[in-house]
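So the chains spell out like this:
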Amino acid sequence: MGVAAMLFGAAVLPLSMAFAQSGPAPAGAKPFLTVDGKVPLVLGHRGLPGLVPEETEASYDLAAALGTDALEEDLHLTKDCVLVVRHNPWLSDNTNIAEVAKTNAAVAARKRTVAGVRVKAPPATGVPADYLTDLSDPADPKSVLKSLIVDGEDHTNDWSISDFTMAELKQWIGGTTYDAANERPKVFNGKLPIISFQDVIDIAKVKSKETGRTILVYPETKNPTWNNAQAIANGCGAAGSRPLEDALIKIIGDNGLNTKDAPILVASNPAA
C-alpha cells in the first residue's frame, strides 16, 4: 500500500474511494465537447493538492489512484543541479522552512537578506522604466546568489530553493499547502518531504503498471531565466548556457521519454 493510500484511508476518504477507477461512459451519454470528441485529458495539477500538500509523493499517489491521466509538476534546479518539484523557488509559502529554521542553524543562515538592485531599462524596450534585479554586482555573475528577486518580484528575507541540494531539501524541508491554503487540510503540513522530478517519473511508471493504464508526466519549467542564472552561478553550466532546459532534456532521454508517443507533455512558464 502506498503512502498516499494510507493517508487517504486514515485521514481523508475511505480507502475504497482512494482506489476507485473511472469506468466507461454510461449508455446514452452525450459526446464530449472536445476538439476531436474524445475524452478530455484529466491533469493532476501538482498532484491532488486539495487534500494533501502539493507536489509531494502522497499528492501524486492520490491523483493516480483517483484516475488522473497526467501528473503535473513545476520544476526548478537545486544547488547541485537536480530538477526539484516545487511551485515557487522561494520557500516560505509552500514549505515549513521558517519553522525548520528555528532549530536548524544551517537553514536559518541561508535566508537571503540582501536587497535587490533597481536598474533603469533602456528606452523603448517594452519593459518598465526601472525594475528590480538580483544581480547586485554587475561585475560578478555569482552575486545573483545573494538577493532573492525572481523575475522582478522581491522576496527578500526568504529562502531560495537554489541554495539547497536535493538531499538537504529531502532531509530538512517538508511541503505545505499553497493555493487556497486556508481552505485546505493542514494536518500533513511539513510531514511530507520535497521530491525530485525523477521521483515523479518513477511514481508515474509504478502507478501505470499497477493500474494498467498509461499515466503521463507533465513537467513545467518555472522561471527559466532566473533558474538559469542561479544554476550558472552554482556551477551547473557555463556562462550563456541553459542548465534548466539541459537538465530537463537529459532526464527525458535517460528515462526513455524522448519519442513522439512517450507519456510526457512539457510546458514552460517564462515569467512565473
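Quick notes on the rules
Residues numbered from 1 in each chain as written. Predicted model: local features only at pLDDT ≥ 70, side-chain atom pairs only at ≥ 80, totals over all residues. Heavy atoms only, no water. Axes fitted to C-alpha atoms, helices over the stretch in contact; angles between N-to-C directions. Helix = DSSP H or I, 4+ residues; strand = E, 2+ residues; numbered from the N terminus. Parallel < 35°, antiparallel > 145°, perpendicular 65-115°, else oblique. Left-handed = near helix turned anticlockwise from the far one by under 90°. Contact = heavy atoms within 4.5 Å. Nonpolar A, V, L, I, M, F, W, Y, C, P; charged D, E, K, R; others polar. Buried < 20%, exposed > 50% of the residue type's maximum accessible area, 1.4 Å probe, protein only. Pairing = 2+ DSSP bridges. Polar contact = N/O pair within 3.5 Å; in protein donor to acceptor, adjacent residues only side chain to side chain. 1 Å grid on protein atoms, 1.4 Å probe; cavity = no way out; pocket = protein on both sides within 12 Å on 5 of 7 lines; lining within 4 Å. Points joined across faces, edges and corners; volume = space filled by probe spheres on them. Disulfide = S-S within 2.5 Å. Patch = residues over 30% accessible without salt bridge, like charges linked within 9 Å, V, L, I, M, F, W, Y side chains within 5 Å. Areas by Shrake-Rupley, 256 points an atom, 1.4 Å probe, with all protein chains shown as cover. Salt bridge = Lys/Arg side-chain N within 4 Å of Asp/Glu carboxyl O.

1. Brief notes about the packing of helix α3 (residues 57-65) against helix α7 (residues 197-211)
- Their axes nearest at 10 Å, the elements α3 and α7 cross at an angle of 30°. Comparing the axis directions of α3 and α7 gives the class roughly parallel. With respect to the hand of their crossing, α3 and α7 are arranged in right-handed fashion. Seen from α3, the contacting residues are Glu57, Tyr60, Asp61 and Ala64; seen from α7, they are Val200, Ile203 and Lys207.
- Here the contact of α3 with α7 is built from residues that sort into four nonpolar, no polar and three charged.

2. Thoughts on the pairing of strand β8 (residues 216-222)
- Counting buried residues in β8 gives six out of seven residues, a clear majority hidden from the surface.
- In this sheet, β8 lies alongside strand β2 (residues 70-77) in parallel orientation, the contact comprising six bridges. Bridge pairing links Glu72 to Tyr218 in β8.

3. Some points on the side chain of Thr68
- Here Thr68 lies in the loop between α3 and β2.
- A polar side-chain atom of Thr68 sits 3.2 Å from the main-chain carbonyl oxygen of Ala70.
- Apart from the residues lying within four places of it in its own chain, the contact partners of Thr68 are Val42, Leu43, Gly44, Ala63, Arg213 and Ile215.

4. Description of the layout of surface pockets
- A volume near 300 Å³ is recorded for the largest pocket.
- Lining the largest pocket, in full, are Tyr131, Leu132, Thr133, Asp134, Leu135, Val144, Ile149, Asp151, Gly152, Thr225, Trp226 and Ala229.
- The set of elements that each furnish at least two residues to the lining of the largest pocket consists of β5 (130-133) and α8 (224-233).
- Taken together, the residues of the lining of the largest pocket break down into seven nonpolar, three polar and two charged.

5. Thoughts on the state of the cysteines
- Under the criterion given, the structure shown has one disulfide.
- Note that Cys81 is cross-linked by a disulfide to Cys236, the S-S spacing being 2.1 Å. The sign of the S-S torsion, about -90°, decides the handedness of the disulfide formed by Cys81 and Cys236: left-handed. Of this pair, Cys81 sits in the loop between β2 and β3 (83-85) while Cys236 sits in the loop between α8 and α9 (243-254), and the two are 155 residues apart along the sequence.
- Overall, the relative accessible area of 32% leaves Cys81 in the partly exposed class.

6. Things to note about a nonpolar patch on the surface
- Residues Leu41, Leu43 and Leu265 make up a contiguous nonpolar surface patch of roughly 230 Å² in combined accessible area.
- Tracing the chain through its elements places Leu265 in the loop between α9 and β9 (267-269).
- You can call Leu265 partly exposed: its relative accessible area is 33%.

7. Thoughts on the environment of Gly175
- Tracing the backbone shows Gly175 in the loop between α6 (166-172) and α7.
- Each C-alpha atom, one on Gly175 and one on Leu192, is 5.9 Å from the other, the two residues being 17 residues apart in sequence.

8. Side note on the pattern of salt bridges
- Taken as a whole and assessed by the stated rule, the structure comprises twelve salt bridges.
- The residue Glu54 makes a salt bridge to Arg46 at a minimum N-O spacing of 2.8 Å.
- Assessed through its relative accessible area of 5%, Arg46 is described here as buried.
- With its nearest N and O atoms 3.7 Å apart, the salt bridge here joins Lys222 to Glu220.
- Relative accessible area serves as the criterion here: at 3%, Lys222 is assigned to the buried category.
- Residue classification places Glu220 among the buried residues on the basis of a relative accessible area of 14%.
- Each of Arg46, Glu54, Asp74 and Asp179 takes part in a single network of salt bridges with overlapping partners.

The values reported here are purely geometric and, on their own, carry no functional implication.
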